[in-house]
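# Notes for the structure review
Listed below are the residues making up each chain.
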Amino acid sequence: MTTTTTYIAFLRAVNVGGRTVKMERLRALFAELGLGGVRSYIQSGNVFFTTDEPDRAALTRRIEEHLERSLGYPVPTLLRTVDEVAALLAAEPFKGIEVTPDVRLVVAFLSEPLPAGLAVPHTSPKGDHEVVGADPGAAYVVVHLRDGKWVSGELFGKAYRGAVTSRFLHTTEKILAAARKG
């Protein structure tokens with residue numbers, strides 16, 4: 001018996017830094033891989049699809065290789081099931097932290113767990129972000145804006161070798177709601 005899983009693909013480096021791809025094209029690239037029910041949400045590289053592929057790592061590699069061949073640049077892809085994203089949000093990783101004009105709450109999706117040596121909670125040397133929690137697939141980051149801007153840098157230091165793509169908490173909630181509409 002095969003099980004069909006609905007995934008959310010959180011793509012890094014889509015429609016930033018001059019790397020532009022229309023969502024129609026992105027959906028077509030996923031469909032070319034035989035993935036079902038392909039949809040996207042906003043222009044930042046969030047794609048929903050169904051598959052009966054049981055090997056998530058192999059599926060991730062297949063998607064990344066296809067996107068790189070088709071687009072001409074690497075697109076790190078972090079796959080999460082709808083249930084995983086729902087559980088992440090239900091855990092309320094930012095409970096008690098207030099959003100202000102200078103504070104943003106960010107879910108950093110990880111391709112591999114944070115290094116064991118990175119103590120959590122962890123505040124960056126410049127104090128512009130705090131990692132307030134983490135699990136094997138995500139880190140929860142409070143960003144302190146500087147002059148209204150997120151001055152991005154290495155969230156986890158040079159010891160972290162995995163891929164990371166971030167979404168604001170409120171955007172992650174909207175992505176989940178859109179994915180559930182199926």
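For the structure, check the block above.
In this report, the structure presented in the accompanying data block is examined. (Residues numbered from 1 in each chain as written. Predicted model: local features only at pLDDT ≥ 70, side-chain atom pairs only at ≥ 80, totals over all residues. Heavy atoms only, no water.)

### Remarks on the sheet that holds strand E3 (residues 46–51)
A sheet is described by the order of its strands in space; here four strands give the open sequence E2-E3-E1-E4, paired in antiparallel fashion. Every interior strand has two partners, whereas the edge strands, strand E2 (36–41) and strand E4 (77–81), have only one. Neighbour-to-neighbour, the strand axes of this sheet turn through a mean angle of 25°, independent of strand direction. In terms of strand pairing, E2 meets E3 through four bridges, oriented antiparallel. Bridged to Tyr41 within E3 is Asn46. On top of the sheet, helix H1 (residues 23–32) reaches strand E1 (5–11), E2 and E3; it is set at about 155° to E2, its chief contact. Together, E1, E2 and E3 form the strand contacts of helix H4 (residues 169–180), whose direction differs from that of E2 by roughly 150°. (Pairing = 2+ DSSP bridges. Helix = DSSP H or I, 4+ residues; strand = E, 2+ residues; numbered from the N terminus. Axes fitted to C-alpha atoms, helices over the stretch in contact; angles between N-to-C directions. Contact = heavy atoms within 4.5 Å.)

### Describing the pattern of salt bridges
Taken as a whole and assessed by the stated rule, the structure comprises two salt bridges. Taking the shortest distance from any N to any O, the salt bridge between Glu32 and Arg25 comes out at 4.0 Å. Owing to a relative accessible area of 37%, Arg25 belongs among the partly exposed residues under this scheme. Its salt-bridge partner being Glu84, residue Arg56 comes within 2.6 Å of it at the nearest N-O pair. Placement of the pair is Arg56 in helix H2 (residues 56–71) and Glu84 in helix H3 (residues 82–90), with a sequence separation of 28 residues. Note on Arg56: relative accessible area 29%, which makes it partly exposed. (Salt bridge = Lys/Arg side-chain N within 4 Å of Asp/Glu carboxyl O. Buried < 20%, exposed > 50% of the residue type's maximum accessible area, 1.4 Å probe, protein only.)

### Some remarks on unusual backbone geometry
In this model, Val120 is joined to Pro121 through a cis peptide bond whose omega is 10°. Residue placement: Pro121 occurs in the loop between strand E5 (103–110) and strand E6 (122–123). Despite not being glycine, Ile42 shows a phi value in the positive range, around 45°. Of note, Ile42 is situated in the loop between E2 and E3. Among the residues examined, Ile42 registers a relative accessible area of 41% and is labelled partly exposed. Phi is positive for Glu92, which is not a glycine, with a value near 50°. Within the secondary structure layout, Glu92 lies in the loop between H3 and E5.

### Some points on the packing of aromatic side chains
Under the criterion given, the structure shown has five aromatic pairs. Where Phe10 meets Phe109, the ring centres are 4.0 Å apart and the plane angle is 15°; that geometry is what we call stacked. Placement of the pair is Phe10 in strand E1 and Phe109 in strand E5, with a sequence separation of 99 residues. Exposure class is identical for Phe10 and Phe109. Each is buried. Pairing Phe30 with Phe49 gives two aromatic rings, centres 5.6 Å apart and planes at 45°, and the pair type is tilted. Here Phe30 is found in helix H1, whereas its partner Phe49 is found in strand E3, with 19 residues between them in sequence. An identical accessibility class is assigned to Phe30 and Phe49; each is buried. (Phe/Tyr/Trp six-rings, centres within 6.5 Å; stacked < 30°, edge-to-face > 60°.)

Without other data, these values stay purely geometric and don't point to any function.
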